[in-house]
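Structure assessment
Next come the chains, spelled out residue by residue.
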Amino acid sequence: APRRGRIELADGGTFFLDEVGELKASLQAKLLRVLEERSFERLGGSQLVEVDVRWVAATHRDLRAMVREGTFREDLYHRLAVFPIRLPPLRERRDDIVPLARALVAELSAAAGRTPPRLDEALEQQLREESWPGNVRELYNVIECAVLFCQGCLIDADDVQLPGEPAVEEGVESFRDAKARMVECFERNYIERMLAVSAGNVTRAASAAHKNRRAFFALMRKHAIAPEQFRLDRGQGH
């Protein structure tokens, strides 16, 4: 049966191109053709498929500079930059930082199957004062680590590694790094043990761990653990 690709699935809707500046030259040419002709041929097919798609592209790169350097097609740039919108960096919209951080705490806690902890007021002020060169992605990483480290109902400075904090002396492991390493090791060993006793059945393993299946899967993906290896081991009597 014909397989519908992403562009065909977006017919009548919106196609979002994230980090469009990373597209290889060969893909830039193909994308330009779709934008100009509003149609394409399926891989291995000969029939022309017409699509009506609203295109939205985002990038952290300076595409005009890339055009001057010859790494991004000028014709594709003009096709995409019909209505450019500049999103100010996080350091220019500091009032957004704490609401974003709180929303991320809620989202990441839900994925981990736990009650969302609160952010300490002093920590919230620190978050506002950071420069955040990596913008929301950097804030996401900081909050993700904080949710992992936090053992109670409050996230404070001890749970957070802010980007502006001084580096630890070379050869000396900080308390936070040691804690992170131990947590990582515990998580991996625990998930593997639960899968081993459940013969690779993820639903039973999650139930035994008192975690919802989605949160358990998230931990498996984080540590690149596949349930198949435990089914195979159980089948061979190991």
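The following paragraphs examine the structure supplied in this document.

Reading the values: the criteria
Residues numbered from 1 in each chain as written. Predicted model: local features only at pLDDT ≥ 70, side-chain atom pairs only at ≥ 80, totals over all residues. Heavy atoms only, no water. Helix = DSSP H or I, 4+ residues; strand = E, 2+ residues; numbered from the N terminus. Buried < 20%, exposed > 50% of the residue type's maximum accessible area, 1.4 Å probe, protein only. Contact = heavy atoms within 4.5 Å. Areas by Shrake-Rupley, 256 points an atom, 1.4 Å probe, with all protein chains shown as cover. Arc of directions from axis to C-beta. Polar contact = N/O pair within 3.5 Å; in protein donor to acceptor, adjacent residues only side chain to side chain. Pairing = 2+ DSSP bridges. Expected span 1.5 Å × (residues − 1). Axes fitted to C-alpha atoms, helices over the stretch in contact; angles between N-to-C directions. Parallel < 35°, antiparallel > 145°, perpendicular 65-115°, else oblique. Left-handed = near helix turned anticlockwise from the far one by under 90°. Nonpolar A, V, L, I, M, F, W, Y, C, P; charged D, E, K, R; others polar. Phe/Tyr/Trp six-rings, centres within 6.5 Å; stacked < 30°, edge-to-face > 60°.

**Description of the overall build of the protein chain**
- Counting its secondary structure elements, the protein chain contains eleven helices and six strands.
- Put simply, the protein chain has 238 residues, and 32% of those count as buried.
- Counting only contacts in the protein chain whose residues sit at least 6 apart along the sequence, the fraction spanning at least 24 positions is 66%.
- Roughly 15,900 Å² of accessible area belongs to the protein chain as shown, and the carbon and sulfur atoms make up 52% of that amount.

**Some remarks on helix H6 (residues 121-129)**
- Among all positions in H6, only Leu123, Glu124 and Leu127 are buried. Angular distribution of buried residues about the axis of H6 spans 105°; they occupy a single face of the element. The exposed set on the far side of H6, more than 90 degrees from its buried face, consists of Glu121 and Glu129.
- Elements that come into contact with the buried residues of H6 comprise helix H5 (97-112), strand S5 (118-119) and strand S6 (154-155).

**Structural notes on the environment of glutamate 138**
- Tracing the chain through its elements places glutamate 138 in helix H7 (residues 135-149).
- Residues glutamate 138 and leucine 162, 24 residues apart in the sequence, show an inter-C-alpha distance of 9.5 Å.
- There is a polar contact of 2.7 Å between the side chain of glutamate 138 and the backbone nitrogen of glycine 134.

**What to know about the pairing of strand S1 (residues 14-17)**
- Only one face of S1 is buried: it carries Phe15 and Leu17, and the other face, with Thr14 and Phe16, is open.
- Two strands pair when backbone bridges link them, and S1 and strand S4 (residues 54-57) are joined in this way by four bridges, in the parallel orientation. Bridging across to S4, threonine 14 finds its partner in arginine 54.

**A short note on unusual backbone geometry**
- Here the phi dihedral of tryptophan 132 falls at roughly 50°; this positive angle occurs in a residue that is not glycine.
- Positive phi, normally seen in glycine, also occurs at asparagine 135, with a value near 55°.
- Among the secondary structure elements, asparagine 135 is positioned in helix H7.
- Under the relative-accessibility criterion, asparagine 135 is labelled partly exposed at 27%.

**Focus on H5**
- For H5, built from 16 residues, the straight-helix expectation of 22 Å at 1.5 Å per residue is met to within 8% by its first-to-last C-alpha distance of 22 Å.
- When H5 is considered as a whole, its buried residues turn out to be Ile97, Val98, Ala101, Leu104, Val105, Leu108 and Ser109. One side of H5 holds all its buried residues, which, seen down the axis, span an arc of 125°.
- In this structure, the buried residues of H5 make contact with S5, H6, H7 and S6.
- Looking one or two places after H5, you find glycine 113, whose phi comes out positive at around 70°.

**Description of the packing of H5 against H7**
- Their axes nearest at 9 Å, the elements H5 and H7 cross at an angle of 50°. The angle between H5 and H7 falls in the class oblique. Viewed along their axes, H5 and H7 form a crossing whose handedness is right-handed. Here H5 contributes Ile97, Leu100, Ala101, Leu104, Val105, Glu107, Leu108 and Ser109 to the contact with H7, which in turn contributes Val136, Leu139, Tyr140, Ile143, Glu144 and Val147.
- When grouped by side-chain class, the residues that make up the contact of H5 with H7 number eleven nonpolar, one polar and two charged.

**Considerations on the packing of aromatic side chains**
- What the rule picks out here adds up to two aromatic pairs.
- Ring geometry for phenylalanine 15 against tryptophan 55: centres 4.9 Å apart, planes inclined by 35°, an arrangement best described as tilted. Of this pair, phenylalanine 15 sits in strand S1 while tryptophan 55 sits in strand S4, and the two are 40 residues apart along the sequence.
- Note on phenylalanine 15: relative accessible area 17%, which makes it buried.
- A residue is classified by how much of its surface remains accessible, and tryptophan 55, at 23% relative accessible area, is partly exposed.
- Taking the centre distance of 5.6 Å and the plane angle of 25° together, the rings of phenylalanine 186 and tyrosine 190 count as stacked. Taken as a pair, phenylalanine 186 and tyrosine 190 lie in helix H8 (residues 175-197) at a separation of four residues, close to a single helical turn.
- The class of phenylalanine 186 is exposed, set by a relative accessible area of 52%.

Such coordinate-based values are descriptive only and should not be taken to indicate function.
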